[in-house]
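# Fold and contact review
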Amino acid sequence: MVVTTGSDGITPREGWSSRSAFILAAVGSAVGLGNMWRFPAEAGENGGGAFVLFYILCVLLIGLPVLLSEVLIGRHGQSNAPESVRRVAAESGKSGRWAILADFGVLGAFLVLSFYCVVGGWVLYYIGIFAGDLVTTGLSGGAFQGRPPEEIENLLPALFDNGALMVVLHIVFLAITLFFVARGISSGIEWVATWLMPTFFLLFLAITIYGATTGGFGEAMAYLFTFDFSRLTGPVMLAAVGQAFFSLSLGVAGMMTYGAYVGRDVNLASTSGIIAGADTAVALIAGLCIFPIVFAAGLEASAGPGLMFQSLPIAFRDMPFGSLIGLLFFVMVFFAALTSSVSLLEAPTAWFKDRAGLPRAVATTIVAGSALVLGALAAWFWGTPVAGIAELGLFEGQDLFNVLDTLTSKVLMPVGAILTSLFVGWVASRRLIDSENGLSGGLHHFWLFLVRWFCPLMLAIILLGGIFPEATEAVFAIFGG
């Protein structure tokens, strides 16, 4: 463990043991279900190559600049996210009310945590399913021997119909997250990052190589990397912008919080580039991991959110060592989900711990317990529209799970990221920003242009696109042709 000091230069503060530990933790925060589940689903629904190309551009021009902005605020403030913003504002001679941008992030992290752990419970469910199937059917054969595709596809709807089981799985996943965050930076969060992320990458590459032998790898390559620009429509561009933003876990105060534990000797620009590059690589490789298996089984790539939880289990049925590969795949997804949930819990925990003056273990337990209740309600009342809210246009017909998802992804996260860009680009002292960002020359000026003008504009489009999708898609269609 490395002990740093707070912004007063005196108060001891726990920090990352090394630059590599921070990178692994930050990559773990970014690499989660958004990469393993959402990216392949989005690519499948939006035509593959055109979506992928625009997605990469959005990571470079939106995701990376905002990522660097969040990390530098945290590193300079050396505190929880709202307090770090407040300290940067004070040193810049500006109002401490700008801390509201991080308040949005902390609230967003808490809400995302509550329903993210429900999805984490689905991953545990499939780990149990494949572990049981491996014992039943043996090692060498395909998964679910003798069971028709319809029965395998119905595993997820059957889980949705079992509210009690969903609640239990949610509690188990959240309890695992709580265990590591309560142990602190070096013994908990850093341990998860330094052990689980390398294991995740080993499993990830192994399953990708295995998928390449199934006969569908060439089709997957063509699907992901054949750039048919006629497919670059307004909805595709809007989906790519949103995916680039959400994939890096921006707007939920996690990167600000992790940045507060970074030493002064770390170059934030190059480190942020590594984090964004690793996250993007995982998203692309996820497509090369999943689509060859799906194509080899003769299934549709455009299966949407059901791609990972319904199409893949069916594909494993006809594969050699299908039960084992399925088990390893969902263990891998569990590792990715856990490193992200740890980050989501750490952001509100750091805020509550400092605000209430509580020991870490107590603060973590209270925050996790609150998220447990909210997530349990979302799981128990799955499919039941929320009275009084489901009548509103943005949340029309939605249950609590989807209300939480919509509120965070379409409102809180974009608003927080817009305010972060404006704060760093226009409010914070240039001297302070220049001393923290690790950039110089033309690259610095280009980053400043992106943060001041391009990122707020594109993030505003994400915000408006979530609230008024039809109008925003029409604007994108003008540029998409």
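Summary of the structure given here.

Parameters at a glance
- Residues numbered from 1 in each chain as written.
- Predicted model: local features only at pLDDT ≥ 70, side-chain atom pairs only at ≥ 80, totals over all residues.
- Heavy atoms only, no water.
- Phe/Tyr/Trp six-rings, centres within 6.5 Å; stacked < 30°, edge-to-face > 60°.
- Helix = DSSP H or I, 4+ residues; strand = E, 2+ residues; numbered from the N terminus.
- Buried < 20%, exposed > 50% of the residue type's maximum accessible area, 1.4 Å probe, protein only.
- Lys NZ or Arg CZ within 6 Å of the ring centre and 35° of its normal.
- Axes fitted to C-alpha atoms, helices over the stretch in contact; angles between N-to-C directions.
- Parallel < 35°, antiparallel > 145°, perpendicular 65-115°, else oblique.
- Contact = heavy atoms within 4.5 Å.
- Nonpolar A, V, L, I, M, F, W, Y, C, P; charged D, E, K, R; others polar.

## A word on the packing of aromatic side chains
A ring pair, where both rings are aromatic, is described by two values, the distance of the centres and the angle of the planes. Tallied over the full model, the rule gives 35 aromatic pairs. Summarising the aromatic geometry, the rings of F173 and F334 are spaced 5.8 Å apart at their centres and angled 85 degrees between planes, so their arrangement reads as edge-to-face. Here F173 is found in helix α8 (residues 163-182), whereas its partner F334 is found in helix α15 (residues 322-356), with 161 residues between them in sequence. Classification of F334 as buried rests on a relative accessible area of 12%. In this arrangement the basic side chain of R452 is found over the ring face of W426, its NZ or CZ atom lying 4.5 Å from the centre.

## Section: the packing of helix α3 (residues 49-77) against helix α17 (residues 400-427)
Axis separation between α3 and α17 bottoms out at 10 Å; the angle between their running directions is 70 degrees. Put simply, α3 runs roughly perpendicular to α17. In this structure, α3 uses V66, S69, E70 and I73 to contact α17, whose residues at the interface are A417, T420, S421, F423 and V424. Here the contact of α3 with α17 is composed, by residue class, of 5 nonpolar, 3 polar and 1 charged.

## Some thoughts on unusual backbone geometry
In this structure, F144 is a non-glycine residue whose phi angle is positive, near 55 degrees. Turning to its location among the elements, F144 is positioned in the loop between α5 (100-137) and α6 (149-153). With relative accessibility at 0%, the residue F144 sits in the buried group. One non-glycine residue, S249, lies in positive phi territory at about 55 degrees. On the basis of relative accessibility, which here comes to 16%, the residue S249 falls in the buried class.

So far we have only geometry, and geometry alone does not tell us how the molecule works.
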